[in-house]
Amino acid sequence: MFNLKMIIIFIFCIVFMKHGYAGKIKNCSTCNKTEDSGLSKKVLNLNGRQLCKLYTNSKEQNYKLLLKKELNKRLISDCVNTNWGGKIKTGILSKEDSVIYGIEKVFKEPNAIMSEFSDPTDIEAVERERKGPGWRYAASTVSGSNKIIIYNHGHGGRSKHYSKYGYGIKHPRGRKKGLKEKCNWYSEKGINCYAVLRKTPSQKSDRRANYGRSVEAAEVFYHMTKHIYKLHGENVKICYVGHSEGGASVYYSSIFLKGHHVSISPGIIHTPYTWKGTFFQEQINDVKLARNLTVFIGDKEPRRNSGYQDLIDGLKEHNHINVILMPGFGHGKMSDNRFLDDTGPVVIKGCNF
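## Observations regarding the overall build of the chain
In terms of helices and strands, the chain carries 14 helices and 8 strands. Counting every position in the chain, which comprises 353 residues, the buried fraction comes to 52%. Within the chain, contacts between residues separated by at least 24 positions form 67% of all contacts whose residues are at least 6 apart in sequence.

Here it is, written out as structure tokens:
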């Protein structure tokens, strides 16, 4: 005999299949819903584009709410403007149309405290401190100067132990990308420099949530800006600078944060802040909203990855964005401290210092 619970489940499945709420997932008996999401494993295994189409095509509001929650977990807040939902929104997008408008809502540490490393030359101390609450930074300051660079490093600084990323102070080649050494170079030019070291993620969590790739770089820019105002007052000239993954986050700063912005070899693979021909990122900011932005790329980079040529050609169509090529430089060389005498002056000019 059927008990009441089985009858209710049977009726639900009949209605579910009749109205097609699950898109291409036709057999409700295979739903196998998880307790936390209310969605089937089959739905949870869909990629972002497929999930967006399912969300857009679904009619039942309760089911759409479940899909929306899953989209938000993946930091996909806009299916329409990505054209993932099968529709295209034309015209200039406002900030309200952007997925990262109100990005503070997905910050992991909305009240983060930013503090300087106790000893930026002590590699093990750096590794211990970077894992704690808030973010740590290396700094080099100049008394009386109101010029400030906030620097955001690339993916390597986040995914590697700092001894490997910076080579370590005893390495014969020096600290190739050490943040303290980079800041020292700029301070010698009369510019205060703050370089945040982002946190090393677990590979599993970062693959799933992409927080480190899509939010953290923007989050440290946001928190460091407030921190700078506390340290120096608001009568400062801030320039947001970053390389690769950190360079891509400069797209974000150029839209939402007052100042000048220099994106060095912006990432086009390991970050959602990418150039898409019309937009800066997949989910989606209009390129026309950028302000005071310089994109600085090594002229060898398009030979290794054709996406950089698309970036160069596309950005040159916009007169309000300055595109500069560094002759003879590839991706890694653009952030190497050994070549700051070549790249640094270009950054300073882009910062309008």
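After that view of the structure, there is still more to cover.
## Regarding the packing of aromatic side chains
Scanning the entire structure with this criterion turns up 5 aromatic pairs. Taken together, a centroid distance of 5.0 Å and an interplanar angle of 85° make the contact between W185 and Y186 edge-to-face. Each member of the pair, W185 as well as Y186, carries the same accessibility label: buried. A centroid spacing of 5.7 Å and a plane angle of 80° characterise the contact between F329 and F339, whose relative ring orientation is edge-to-face. With a gap of 10 residues between them, F329 in the loop between β8 (321–326) and α14 (340–350) and F339 in the loop between β8 and α14 connect regions that are remote in the sequence. Judged by relative accessible area, F339 falls into the partly exposed class, the value being 24%. A cation over a ring is seen here: K189 above W185, with NZ or CZ 3.8 Å from the ring centre.

## Here we look at the nonpolar core
Judged by nonpolar contacts, the single largest core of 35 residues is most densely connected at M114, I150, M224, I228, V295 and I321. Ignoring sequence-local partners within four residues, the contact set of I150 consists of Y194, F221, M224, T225, I228, I238, C239, Y240 and V241. Counting residues in each nonpolar core, the second largest holds 29 residues, with I123, V126, Y151 and C193 among its members.

## Here's the deal with the side chain of H227
In this fold, H227 is placed in helix α10 (residues 211–232). In this view, H227 contacts M114 and Y137; residues no more than four positions away in its chain are not counted.

## A word on the environment of V236
Topologically, V236 is positioned in the loop between α10 and β5 (237–243). With a relative accessible area of 17%, V236 lands in the buried category.

## Focus: the pattern of salt bridges
Scanning the model with the defined rule gives 5 salt bridges in all. Here E109 and K199 are joined by a salt bridge, their closest N and O atoms 2.5 Å apart. Note that E109 is positioned in the loop between α4 (61–73) and β1 (114–116) and K199 in the loop between β4 (192–197) and α9 (203–209), a separation of 90 residues in sequence. Overall, K199 belongs to the buried group, its relative accessible area being 17%.

## Thoughts on the packing of helix α8 (residues 179–187) against α14
Closest axis-to-axis distance for the α8/α14 pair is 11 Å, and the angle between their directions is 60°. When the axes of α8 and α14 are compared, the crossing they make is right-handed. Facing K182, W185 and Y186 of α8, the residues of α14 in contact are L340, D341, G344, P345, V347 and I348. Here the contact of α8 with α14 is composed, by residue class, of 6 nonpolar, 1 polar and 2 charged.

## Comments concerning the state of the cysteines
Here a disulfide denotes one covalent bond, and it connects the sulfur atoms of two cysteines. In total, this model carries 2 disulfides according to the counting rule given. With a sulfur-sulfur separation of 2.2 Å, C183 is cross-linked through a disulfide to C193. On the sign convention where negative means left-handed, the S-S torsion of about -60° between C183 and C193 marks this disulfide as left-handed. One end of the pair, C183, is in helix α8; the other, C193, is in strand β4, with 10 residues separating them in the sequence. Each member of the pair, C183 together with C193, is buried. Paired through a disulfide, C239 and C351 show a sulfur-sulfur distance of 2.1 Å. The sign of the S-S torsion, about -75°, decides the handedness of the disulfide formed by C239 and C351: left-handed. Of the two residues, C239 is situated in strand β5 and C351 in the segment after α14; the sequence distance between them amounts to 112 residues. In this pair, the class of C239 matches that of C351, namely buried.

Cut-offs used in this document
- Residues numbered from 1 in each chain as written.
- Predicted model: local features only at pLDDT ≥ 70, side-chain atom pairs only at ≥ 80, totals over all residues.
- Heavy atoms only, no water.
- Helix = DSSP H or I, 4+ residues; strand = E, 2+ residues; numbered from the N terminus.
- Buried < 20%, exposed > 50% of the residue type's maximum accessible area, 1.4 Å probe, protein only.
- Contact = heavy atoms within 4.5 Å.
- Phe/Tyr/Trp six-rings, centres within 6.5 Å; stacked < 30°, edge-to-face > 60°.
- Lys NZ or Arg CZ within 6 Å of the ring centre and 35° of its normal.
- Core = buried A, V, L, I, M, F, W, Y, C linked by side-chain atoms within 4.5 Å.
- Salt bridge = Lys/Arg side-chain N within 4 Å of Asp/Glu carboxyl O.
- Axes fitted to C-alpha atoms, helices over the stretch in contact; angles between N-to-C directions.
- Left-handed = near helix turned anticlockwise from the far one by under 90°.
- Nonpolar A, V, L, I, M, F, W, Y, C, P; charged D, E, K, R; others polar.
- Disulfide = S-S within 2.5 Å.

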